[in-house]
Amino acid sequence: MSIIRKEKFVCPVCNTEGDYKVYRSVNVDLDKSLREKVLSQELFSWVCPNCGRKFTVHYDFLYHDMTHAFMIYYSPNNCDDINESINSQAEKFAGMRNCKYRSVDNFNQLIEKVLIFESGLDDITIEFAKVLTKYNKENKIPEDCSLVFEKYLPNSKNNDKSFLFFRILKNGEAQKEMILLDMAGYKEYERTINTDERFKETKYCDNINETWILNRMSKKTNA
């Protein structure tokens, strides 16, 4: 179920205090409207009742999708503590291991994970593909930019011709440029991930991002 609490928020412009509905947990199966409200950041918007200014309020919360069996913990500052807590619980209770857990510390990652798992894709493979694409000099992607998974376009007649779309971000802002990866290319990356012990998941809950991939790429293989 979704967990909602009313809290007070003070406008940083006019110092007016107003009520703010905080969603500590959202279950998008029990209330399907919450999915769009999360992805659009509507759930994190607060409008001052006095001056009318609109603000985005960031707080820790859980996104739960039972249909696709995943939970994503959004926390700007406490991912390590969340990972430790979930991993400890999953070690004790085997029933928890039927769900995929991730922690994210920024909103682009949250949206990205939701879209990846809804599409039935693997986020480690996606992150690996993003790293190789970003650091391939032939692609001429500026160093201060990043890639984010945006959508999956399936081809019902030929799955290898399904496409994954990645958006280039600069300073967190989406650029016009996009990178395309066909399913055949995705499968090649997936085979690498599945056969290289460095990319094996060692935790039930983790923050899988570019840093995670680069750290494992820097390790020596057993071969």
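Heads up: the structure comes first, above all this text.
Everything numeric here is computed off the predicted structure, so don't read it as measured data. (Residues numbered from 1 in each chain as written. Predicted model: local features only at pLDDT ≥ 70, side-chain atom pairs only at ≥ 80, totals over all residues. Heavy atoms only, no water.)

**Side note on the nonpolar core**
Then, in step 1: Phe61, Tyr63, Leu110 and Leu164 are the most contacted members of the largest nonpolar core, which totals 52 residues.
Then, in step 2: Ranked by residue count, the leading element in this core is helix 3 (residues 107–118), at seven residues.
Then, in step 3: With ten residues, the next largest nonpolar core counts Ile82, Ile86, Ala90 and Tyr101 among its residues. (Core = buried A, V, L, I, M, F, W, Y, C linked by side-chain atoms within 4.5 Å. Buried < 20%, exposed > 50% of the residue type's maximum accessible area, 1.4 Å probe, protein only. Helix = DSSP H or I, 4+ residues; strand = E, 2+ residues; numbered from the N terminus.)

**Some words on the sheet that holds strand 8 (residues 145–153)**
Then, in step 1: Pairing in this open sheet of three strands is antiparallel, and the strands run 8-9-10 from one edge to the other. One side of each edge strand has no neighbouring strand; the edge strands of this open sheet are strand 8 and strand 10 (173–182). Put simply, the sheet's adjacent strands are angled 30 degrees from each other on average, direction ignored.
Then, in step 2: Summarising the sheet, strand 9 (residues 163–170) and strand 10 pair through seven bridges and their orientation is antiparallel. Considered in strand 10, the bridge of Phe165 is made with Leu180.
Then, in step 3: Where helix 3 meets the sheet, its contacts fall on strand 8 and strand 9, and the angle it forms with strand 8 comes to roughly 30 degrees.
Then, in step 4: The strands that helix 4 (residues 123–134) touches are strand 8, strand 9 and strand 10; relative to strand 8, the one it contacts most, it runs at about 130 degrees. (Pairing = 2+ DSSP bridges. Axes fitted to C-alpha atoms, helices over the stretch in contact; angles between N-to-C directions. Contact = heavy atoms within 4.5 Å.)

**Concerning the layout of surface pockets**
Then, in step 1: Taken as a whole, the largest pocket encloses approximately 310 Å³ of empty space.
Then, in step 2: In this structure, the largest pocket is lined by 16 residues; those nearest its centre are Asn106, Gln109, Lys130, Ser146 and Leu147.
Then, in step 3: For the lining of the largest pocket, the secondary-structure elements that each account for two or more residues are helix 3, helix 4, strand 8 and helix 6 (210–217).
Then, in step 4: No other element matches helix 4, which puts four residues into the lining of the largest pocket.
Then, in step 5: Grouping the constituent residues of the lining of the largest pocket by class yields four nonpolar, seven polar and five charged.
Then, in step 6: Lining the second largest pocket are 14 residues, and of these Asn108, Ile111, Val148, Leu169 and Gly172 lie nearest its centre.
Then, in step 7: Mapped onto the lining of the second largest pocket, the elements with two or more residues apiece are helix 3, strand 8, strand 9 and strand 10.
Then, in step 8: When grouped by side-chain class, the residues that make up the lining of the second largest pocket number seven nonpolar, three polar and four charged. (1 Å grid on protein atoms, 1.4 Å probe; cavity = no way out; pocket = protein on both sides within 12 Å on 5 of 7 lines; lining within 4 Å. Points joined across faces, edges and corners; volume = space filled by probe spheres on them. Nonpolar A, V, L, I, M, F, W, Y, C, P; charged D, E, K, R; others polar.)

**Some remarks on the pairing of strand 2 (residues 17–27)**
Then, in step 1: Pairing analysis gives eight bridges linking strand 1 (residues 3–10) to strand 2, with the strands arranged antiparallel. In the sheet register, Lys8 faces strand 2, and the bridge partner there is Asp19.
Then, in step 2: Alignment of strand 2 against strand 5 (residues 61–65), held across three bridges, turns out to be parallel. Across the sheet, residue Asn27 finds its bridge partner in strand 5, namely His64.

**Some thoughts on the pattern of salt bridges**
Then, in step 1: For the structure on display, the rule yields 16 salt bridges.
Then, in step 2: A salt bridge links Lys113 to Asp123; the nearest nitrogen and oxygen atoms lie 2.8 Å apart. In this pair, Lys113 is assigned in helix 3 and Asp123 in helix 4, connecting sequence segments ten residues apart.
Then, in step 3: The class for Lys113 is buried, based on a relative accessible area of 1%.
Then, in step 4: With its nearest N and O atoms 2.5 Å apart, the salt bridge here joins Glu188 to Arg191. (Salt bridge = Lys/Arg side-chain N within 4 Å of Asp/Glu carboxyl O.)

**Topic: the packing of helix 4 against helix 5 (residues 183–195)**
Then, in step 1: Where helix 4 contacts helix 5, the two axes come as close as 9 Å, and the packing angle between them is 110 degrees. On the basis of the axis angle, helix 4 is roughly perpendicular to helix 5. Residues Ile124, Thr125, Ile126, Phe128, Ala129, Leu132 and Thr133 of helix 4 pack against Tyr186, Tyr189, Glu190, Thr192 and Ile193 of helix 5.
Then, in step 2: Class assignment of the residues belonging to the contact of helix 4 with helix 5 gives a composition of eight nonpolar, three polar and one charged. (Parallel < 35°, antiparallel > 145°, perpendicular 65-115°, else oblique.)

**Things to note about the side chain of Asn207**
Then, in step 1: When you line up the elements, Asn207 lands in the loop between strand 11 (205–206) and helix 6.
Then, in step 2: Among the residues examined, Asn207 registers a relative accessible area of 11% and is labelled buried.
Then, in step 3: Ignoring sequence-local partners within four residues, the contact set of Asn207 consists of Cys79, Asn83, Ser103, Val104, Asp105, Gln109 and Trp212.

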